[in-house]
Amino acid sequence: MSFISLIVKPLAYLGLPSYLLHRLSQSSPLTRYYICNFLYLCSISFCSSLGFSSAVPLSLMGRRYDVNYVVARTFYAIFSRLSGVRIVVEGEEHLQMRPCVLIGNHQSMIDILCLGSMFPTGTRIMVKKSLKYIPLFGLFLQAGGAVFIDRGNSAVAVQSLQAAGEELKKRHTSIWVFPEGTRTSRPYHDIRPFKKGAFHLAIQAGLPIVPVVAENYWNIYHKGVFNPGTFKLRVLPPISTDGMTAADAGDLAVRIREQMLQALREISDPNAPPPPATPSETSPLSQVKKGIPVETPSILKGTTPNPSAVDVAAPQPRDVPEERPVTPQSEVISEGSVRRSENDTEEDEGMVLVGLPR
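Residues numbered from 1 in each chain as written. Predicted model: local features only at pLDDT ≥ 70, side-chain atom pairs only at ≥ 80, totals over all residues. Heavy atoms only, no water.

Novice: Teacher, can you tell me more about the overall build of the protein chain here?
Specialist: Helix and strand counts for the protein chain come out as nine helices and nine strands. Within the protein chain, contacts between residues at least 6 apart in sequence are counted, and of these 78% link residues at least 24 apart. Carbon and sulfur atoms make up 58% of the accessible area of the protein chain, which amounts to about 20,800 Å² in all. (Helix = DSSP H or I, 4+ residues; strand = E, 2+ residues; numbered from the N terminus. Contact = heavy atoms within 4.5 Å. Areas by Shrake-Rupley, 256 points an atom, 1.4 Å probe, with all protein chains shown as cover.)

Novice: Would you mind showing me how to read the environment of P238 here?
Specialist: Structurally, the position occupied by P238 is in the loop between β9 (229–235) and α8 (249–267). Assessed through its relative accessible area of 32%, P238 is described here as partly exposed. In contact with P238, not counting residues within four places along its chain, are H94, M97, P208, I209 and V210. (Buried < 20%, exposed > 50% of the residue type's maximum accessible area, 1.4 Å probe, protein only.)

Novice: Quick question: what am I supposed to make of the side chain of T123 here?
Specialist: Positionally, T123 belongs in strand β3 (residues 123–128). For T123, the side chain forms a polar contact with the main-chain oxygen of P120, separated by 3.3 Å. At 3.3 Å, the side chain of T123 forms a polar contact with the backbone oxygen of T121. Once residues lying within four places of it in the same chain are set aside, the contact partners of T123 are Y65, N68, L102, S174, I175 and W176. (Polar contact = N/O pair within 3.5 Å; in protein donor to acceptor, adjacent residues only side chain to side chain.)

Novice: Hey, could you run me through the confidence of the model for the protein chain in this one?
Specialist: Low-pLDDT stretches of the model should not have their predicted coordinates read in fine detail. Per-residue confidence for the protein chain averages 79 on the pLDDT scale, and 72% of its residues sit at or above 70. Low pLDDT, under 50, characterises residues 308–314; the predicted model gives this stretch zero contacts beyond four residues in sequence or across chains. Low confidence marks residues 326–356, where pLDDT is under 50. Its contacts with residues over four positions away, or in another chain, come to 61 contacts. (pLDDT = per-residue confidence, 0-100.)

Novice: Got a minute to help me understand a nonpolar patch on the surface in this structure?
Specialist: A contiguous nonpolar surface patch, about 260 Å² in accessible area, is contributed by F52, L136 and L139. Counting through the fold element by element, L136 comes out in the loop between β3 and α5 (137–143). (Patch = residues over 30% accessible without salt bridge, like charges linked within 9 Å, V, L, I, M, F, W, Y side chains within 5 Å. Salt bridge = Lys/Arg side-chain N within 4 Å of Asp/Glu carboxyl O.)

Novice: Please explain the packing of helix α7 (residues 197–205) against α8 as it appears in this structure.
Specialist: Following both chains from N to C, one finds α7 and α8 inclined at 115 degrees, their axes separated by 9 Å at the closest point. Where α7 crosses over α8, the handedness of that crossing is right-handed. Seen from α7, the contacting residues are F199, H200 and I203; seen from α8, they are A249, L252, A253 and I256. Among the residues making up the contact of α7 with α8, the classes are represented as six nonpolar, one polar and no charged. (Axes fitted to C-alpha atoms, helices over the stretch in contact; angles between N-to-C directions. Left-handed = near helix turned anticlockwise from the far one by under 90°. Nonpolar A, V, L, I, M, F, W, Y, C, P; charged D, E, K, R; others polar.)

Novice: I'm lost on the packing of helix α6 (residues 154–171) against α7 in this one. Help?
Specialist: Packed helix pairs are specified by the crossing angle of their axes together with the interaxial distance, meaning the distance between the axes. Taken N-terminus to C-terminus, the directions of α6 and α7 make an angle of 50 degrees; their axes are 9 Å apart at the nearest point. The pairing of α6 with α7 is recorded here as oblique in orientation. The two elements α6 and α7 meet at a crossing, and its hand is right-handed. Along its contact with α6, which presents L161, Q162, A164, G165, L168 and K169, the element α7 presents G197, L201, Q204 and A205. Its residues assigned to classes, the contact of α6 with α7 shows five nonpolar, four polar and one charged. (Parallel < 35°, antiparallel > 145°, perpendicular 65-115°, else oblique.)

Novice: Just checking my understanding: could you explain the pattern of salt bridges for this structure?
Specialist: Opposite charge on two side chains lets them pair, provided their charged atoms get close. Under the defined criterion, the tally for this structure stands at eight salt bridges. Residue R257 pairs with D190 through a salt bridge whose shortest N-O separation is 3.7 Å. Here R257 is found in helix α8, whereas its partner D190 is found in the loop between β5 (174–177) and α7, with 67 residues between them in sequence. With a relative accessible area of 15%, R257 lands in the buried category. Here the salt bridges share partners, and the residues they tie into one network are E90, K232, R234 and E266.

Novice: What's the story with the packing of aromatic side chains in this structure? I'm lost.
Specialist: The geometry of an aromatic ring pair comes down to the distance between the two centres and the angle between the two planes. Summed over the entire model, instances satisfying the criterion amount to 10 aromatic pairs. Measuring from ring centre to ring centre gives 6.2 Å for Y33 and Y221, while their planes differ by 25 degrees; the resulting arrangement is stacked. Of this pair, Y33 sits in helix α2 (residues 29–60) while Y221 is found in strand β7 (residues 221–222), placing the two residues 188 residues apart along the sequence. Looking at Y221, the relative accessible area reads 6%, which means it is buried. For the ring pair Y40 and F79, a centre distance of 5.6 Å and an interplane angle of 80 degrees mean the geometry is edge-to-face. Linking Y40 in helix α2 with F79 in helix α3 (residues 67–83), this pair joins segments that are 39 residues apart in sequence. Following the ring pairs from residue to residue traces out a cluster consisting of Y33, Y34, Y40, F75, F79, Y221 and F226. Directly above the aromatic system of F148 lies the positively charged group of K132, at a separation of 5.5 Å from the ring centroid. (Phe/Tyr/Trp six-rings, centres within 6.5 Å; stacked < 30°, edge-to-face > 60°. Lys NZ or Arg CZ within 6 Å of the ring centre and 35° of its normal.)

Novice: Explanation requested: α7 in the structure shown.
Specialist: An α-helical turn contains 3.6 residues, so a residue and the one three or four places further along point in the same direction. Counting buried positions along α7 gives eight out of nine residues, so the element sits mostly inside the fold. Those residues of α7 that are buried lie in contact with β2 (101–104), β3, α6, β5, β6 (209–214) and α8. G206, located one to two residues past α7, shows a positive phi value of around 70 degrees.

Dropping the structure here:
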């Protein structure tokens, strides 16, 4: 009797709240949005605690960097059932490459669910230093060997990148980075320009880069909306960095972004609205190249404006200031200031992991 009660009582205690939440989530889309966000926080807190507690036994087994794998896969198993969101992974065979630098497009907090659907073993994550102080979640990050980047101090960020590259080769582990540096949640399919931190890391360590593209899931999740559904995650073939130098990081970032953007448009909803036109696309020169007729100003057609309609003022004499020698900007340093090191990187090198719901 006591054994049966041990099984029945927890089910009774959990069954009623689960049923009530399920019924409430069907009452309105906005109610479902807040309930799913609440379940998200509960799931991530539970999995973070699980990761922290499992770090000790995994470390004793020599598998410390599998903590992220355990947490990510557990989170997907729990929250995908609670939310009704499923992910189909394409090209999963490319995840066998190790060590490597894994990069992905960053849309929202649902990206943690994306990681859970495909996160490989022996993989660490690169995050901004502020996440280290989030209760439970920060403990899990430290236990899993996360690489923390101080984005406010470029010199320290460079040192962290160099140390991370050496550690990856030594431990034969991979690392996950979101190179956009911030979220890109839009109804149309787009990826922001990449920061170069992940690419410097891959080149310095001589590691291949494995791009991972998540379908635009705007119709499933954005502010005020949290619908059940299924979307795709495509893993692209590894890209070698052999023979590259730091000078190649910028071109490499642009090239890989173009490949990921093309894959994003291939796997996402073809009926989504097009991205808005940029100023360069609406310029007269751009319109001429596209064959769009552009009205030519009358002054360019050979017509002369009416002189009587033009108010021509006589030039007024002006005081010409005395010329002074110009001091190069790099030589002007105020007292107490510090020169920027030649190794300083951009302020934000794309070390941002998904955060809490907004």
